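Geometric and topological summary
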Amino acid sequence: MAAGVAAWLPFARAAAIGWMPVANLPMPIAPTNKNKHQDELIILNVSGRRFQTWRNTLDRYPDTLLGSSEKEFFFNEETREYFFDRDPDVFRSILNFYRTGKLHYPRYECISAYDEELAFFGIIPEIISDCCYEEYKDRKRENAERLMDDLEDNKDSKLPNMTFRETMWRAFENPHTSTMALVFYYVTGFFIAISVITNVVETVPCGYMPNQRDIPCGERYTEAFFCMDTACVMIFTVEYLMRLFAAPSRYRFMRSVMSIIDVVAILPYYIGLVMTNNEDVSGAFVTLRVFRVFRIFKFSRHSQGLRILGYTLKSCASELGFLLFSLTMAIIIFATVMFYAEKGSSSSKFTSIPASFWYTIVTMTTLGYGDMVPKTIAGKIFGSICSLSGVLVIALPVPVIVSNFSRIYHQNQRADKRRAQKVQKARLSRMRISKSGSSSAFLHSKRNGLNQSLELTGSLEEDQQLKKTTSLLESQHHHLLHCLEKTTNHEFVDERLYEQGYMQTALQNFPSQSPSLSSEEGITGTCCSRRTKKSMQPLSATHTHSHTHNLQELSALHIQCGERQALNTSRSSLNLMSDESGSLNCKSSGLVTTAIITIPTPPSNNSRASPDAPPPPNPDAPPLPNPGNDVVKISAL
Amino acid sequence: MSVPVKRTQWDEDLSQFRKDHGLSKKVLLNCCLVRRIISWASPKQKDSVEDELELSAARHRPEALEQLEAQTRFSRKELQILYRGFKNECPSGVVNEDTFKEIYSQFFPQGDASTYAHFLFDAFDTDHNGSVSFEDFVMGLSILLRGTVQEKLNWAFNLYDINKDGYITKEEMLDIIKSIYDMMGKCTYPTLKEETPRQHVEIFFQKMDKNRDGVVTIDEFIDCCQNDENIMKSMQLFENVI
């Protein structure tokens, strides 16, 4: 229960008087609070800094150190204060948690120090409020990753029992793991460079032939270049095959970008080998040699920055798309305008709109080759507008791309999306947990028979037993919920039991008596189905969701949500109910006596279905057509 | 003219533009049709900023402690404790209905307490100004916790009588009882059915409505409750809450 709300518990209990005239059953006895001296200031001395607060404030969270009797261990008799030898700065946030119900994470604080303090005071970090939770999780993840990186660096020694294949793959991915890998790394890098330089030099003209025409070196020293090319391709092929062999998932490897680049780099050579020197295919052959330049992309395995650049472009796809789109629009508009403006002039180079595209592009990117210039006045005016707008259109998306690149570069390719998803899921499940916490506490104490003991007597032992397990606040809250149960003559049950009850009855395959409920299959999980049309406040209806798979992250208990189907309530199945309840571990045998005791007075209450209790005579009871109104005590009978 | 954010602003802009340019309304609508469609299609922003401003401006300070002490049956210390809790949750000094519902719903996590909280709010907000100040709060609590049985029954009657006309009709009772059942939520044993609240209302009316005229007046109510031992006992239940 939130802190501030605990202060309103007296109000909620007082308002319960509104139920009393409506109720048909007697109410349970209220828990008494023995110690009237609640309004006490206590002093918490944390390393010399004194904090003072009301005792009530600390009692709001009885499962923490300060809220429970554990703080008595730190009580200093002489000075009559509680002394803690901990960090007073962090203690400020912790004490504020008691006061306001919200736990904040101060940004300047070290994450591990904060975690330690929270662990000492018994507060789970998951209740950090939303405003600080993401920051907390970010820092925690950073810290964990840093620790993991350190660990990985230390564990680069060869692990035993790694297959040859795995060793090879590791060598390929981390070249600095072994000398062989490093040698291989440099050799391939060298050959990539050689191959690229060869491609370039091949086209440089060197020397004259007698027929007075510059020929490129490639044609002059054909064999030399061919040998070089063959050597490079052989190295690349061997490398590709080795990688393919060593890859843990070959299919995935083949689909990866780097392997596609590898393939494209070596394929032209093989195609060239296969094809003969026909005249008609030589054109295609020449085109293929262009693809040899893709070998330069193989350098991206060697350079982190290149990989980041590629990743940036991929992630800025939308900005790039926008840039392209706006440029295209502008080009078409201006080309059309220029074409029609220059139509009149003679010997105009603007022969068609597509021809004007070239002019527009050159002008907008402020290149201005000068091969096409407008001659008419209108053309010149529009041409100047074109060049001015070109600067604007191009300058707009560029800063976005640049900032993206720098962000990614600094974060070193951390996957942001994955993190955001986890935080979102954790947040939702946290809200759910806090909601279900109080209701499950009530059900838990019911199962332990403590609430029933309230009905019997207000005797001293029962009270003490009560105090041992629940705080006063909790017992009062449970009493309030118990009163509500009595007013409506229905009981709160756990989701599991609700589901189990259904399962048991469904096995027996009795027809359902409540068709209205059976039509509500597959409900989204709001607890109050009849009011689903009204907008529900998120607080009151969350804990029954079936997204429970993320709860491993959190320590609280979780309630499973099964499918909702009608719970059978026919009279003949009442025996089944007691069977189902046998699966509960209910300690109290006092439930039987409870059933008997609470029967007599209310005139309209019908028989309890506990077999031991005789159905009481109810002469003036109006006949209830629906036997489902009976309260069946869940007890091991 | 930039695209306006709020619709009211759009209206003002429009009238301003019209005044400036003397264009006819039809022309304007036609030319700004696209913009209008866009501003309609975009989600309307609630005027929550203004709401918050209003509420924070209404920083209510309660009457002096002595006056409250005289008007209610609480001691000074008890009033102090109550005020501290109240102010903690509502720093502005007044509770509006949404906060009220939220607070009350925290006690009933399995069900929907908002309807019953709405009725409670109406019962506490005696001057019907839409907010419960500390005085209203404390007066209500004084009746509930320290009042005579007569006063408590009066208060309960006031709660049930939604339109405050002096009679409890079956519809009003049905609303109240439905709201109480709503607080239980869905996961109950036995399962809640549609006719359960109605039956409960029938039982109630059979008990309370002596002259069978379909409504329960305050006298019938008080008479009947005073003759019912259970109700009398349960009225004393929360004596020692504060």
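Residues numbered from 1 in each chain as written. Chains lettered and ligands numbered in written order. Predicted model: local features only at pLDDT ≥ 70, side-chain atom pairs only at ≥ 80, totals over all residues. Heavy atoms only, no water.

Here the focus is the nonpolar core. Grouped together as the largest cluster of nonpolar side chains are 79 residues, with contacts concentrated most on Trp 19 of chain A together with Tyr 104, Phe 108, Leu 120, Phe 137, Met 173 and Phe 221 of chain B. Top contributing element to this core by residue count: helix 11 (residues 170-184) of chain B, with 8 residues. Once residues within four sequence positions are removed from consideration, Trp 19 of chain A is found in contact with Leu 480, Cys 483, Leu 484 and Thr 487 of chain A together with Tyr 104, Phe 108, Tyr 116, Tyr 160, Ile 180 and Met 183 of chain B. Formed by 28 residues, the second largest nonpolar core is a distinct cluster that contains Leu 44, Phe 84, Phe 91 and Tyr 105 of chain A. (Core = buried A, V, L, I, M, F, W, Y, C linked by side-chain atoms within 4.5 Å. Buried < 20%, exposed > 50% of the residue type's maximum accessible area, 1.4 Å probe, protein only. Helix = DSSP H or I, 4+ residues; strand = E, 2+ residues; numbered from the N terminus. Contact = heavy atoms within 4.5 Å.)

Attention now goes to the UniProt feature "domain: EF-hand" (unreviewed entry) in chain B. All names here are of chain B. The feature "domain: EF-hand" (unreviewed entry), as annotated in UniProt, sits at residues 112-147, 148-183 and 196-231 in this numbering. Structurally, residues 148-183 comprises 72% helix and 8% strand, and the distance from its first C-alpha atom to its last is 28 Å. Taken end to end, residues 196-231 has its terminal C-alpha atoms 21 Å apart, with 72% of it in helix and 8% in strand. (UniProt positions renumbered as here; feature names shortened; annotations may be inferred.)

Residue and element names in this part refer to chain A. Residues Phe 226, Tyr 270, Leu 273 and Val 274 make up a contiguous nonpolar surface patch of roughly 410 Å² in combined accessible area. It is helix 12 (residues 257-274) that contributes the most residues to the nonpolar patch, 3 residues altogether. Within the element layout of this structure, Leu 273 appears in helix 12. (Patch = residues over 30% accessible without salt bridge, like charges linked within 9 Å, V, L, I, M, F, W, Y side chains within 5 Å. Areas by Shrake-Rupley, 256 points an atom, 1.4 Å probe, with all protein chains shown as cover. Salt bridge = Lys/Arg side-chain N within 4 Å of Asp/Glu carboxyl O.)

What follows is about the side chain of Asp 209 of chain B. Residue and element names in this part refer to chain B. Secondary-structure assignment places Asp 209 in the loop between helix 12 (195-208) and strand 5 (215-217). The side chain of Asp 209 is buried and forms no salt bridge, while Arg 212, the nearest opposite charge, is found at 5.1 Å. In terms of polar contacts, Asp 209 uses its side chain to reach the backbone amide nitrogen of Asp 213, at 3.3 Å. Within the structure, the side chain of Asp 209 is placed 2.9 Å from the backbone nitrogen of Gly 214, a separation counted as a polar contact. (Lys, Arg positive; Asp, Glu negative; His and termini not counted. Polar contact = N/O pair within 3.5 Å; in protein donor to acceptor, adjacent residues only side chain to side chain.)

All names here are of chain B. Where helix 8 (residues 114-124) meets helix 10 (residues 149-160), the axes come as close as 9 Å, and the angle between the chain directions of the two elements is 125 degrees. Taken together, the axes of helix 8 and helix 10 lie oblique to each other. Classified by chirality, the crossing of helix 10 by helix 8 is right-handed. The segment helix 8 lies against helix 10, with Tyr 116, Phe 119, Leu 120, Ala 123 and Phe 124 engaging Trp 155, Asn 158 and Leu 159. In the contact of helix 8 with helix 10, the residues fall into 7 nonpolar, 1 polar and no charged. (Axes fitted to C-alpha atoms, helices over the stretch in contact; angles between N-to-C directions. Parallel < 35°, antiparallel > 145°, perpendicular 65-115°, else oblique. Left-handed = near helix turned anticlockwise from the far one by under 90°. Nonpolar A, V, L, I, M, F, W, Y, C, P; charged D, E, K, R; others polar.)

With that out of the way, let us pick up the pairing of strand 1 (residues 41-46) of chain A. Residues and elements named next belong to chain A. Here strand 1 pairs with strand 2 (residues 49-54) via 6 bridges, running antiparallel. Its bridge partner lying in strand 2, Ile 43 is registered against Gln 52. The hairpin turn running from strand 1 into strand 2, its antiparallel successor, is 2 residues long, and Ser 47 in that turn takes a positive phi close to 50 degrees. Two strands pair when backbone bridges link them, and strand 1 and strand 4 (residues 81-84) are joined in this way by 3 bridges, in the parallel orientation. Following the sheet pairing, Leu 44 is matched in strand 4 by Tyr 82. (Pairing = 2+ DSSP bridges.)

Attention now moves to the sheet that holds strand 4 of chain A. All names here are of chain A. Across the sheet, 4 strands lie side by side as 2-1-4-3; this open sheet has mixed pairing. Each edge of the open sheet carries a strand with a single partner, namely strand 2 and strand 3 (75-76). Seen against the sheet, helix 4 (residues 88-100) touches strand 1 and strand 2 and runs at an angle of roughly 5 degrees to strand 2.

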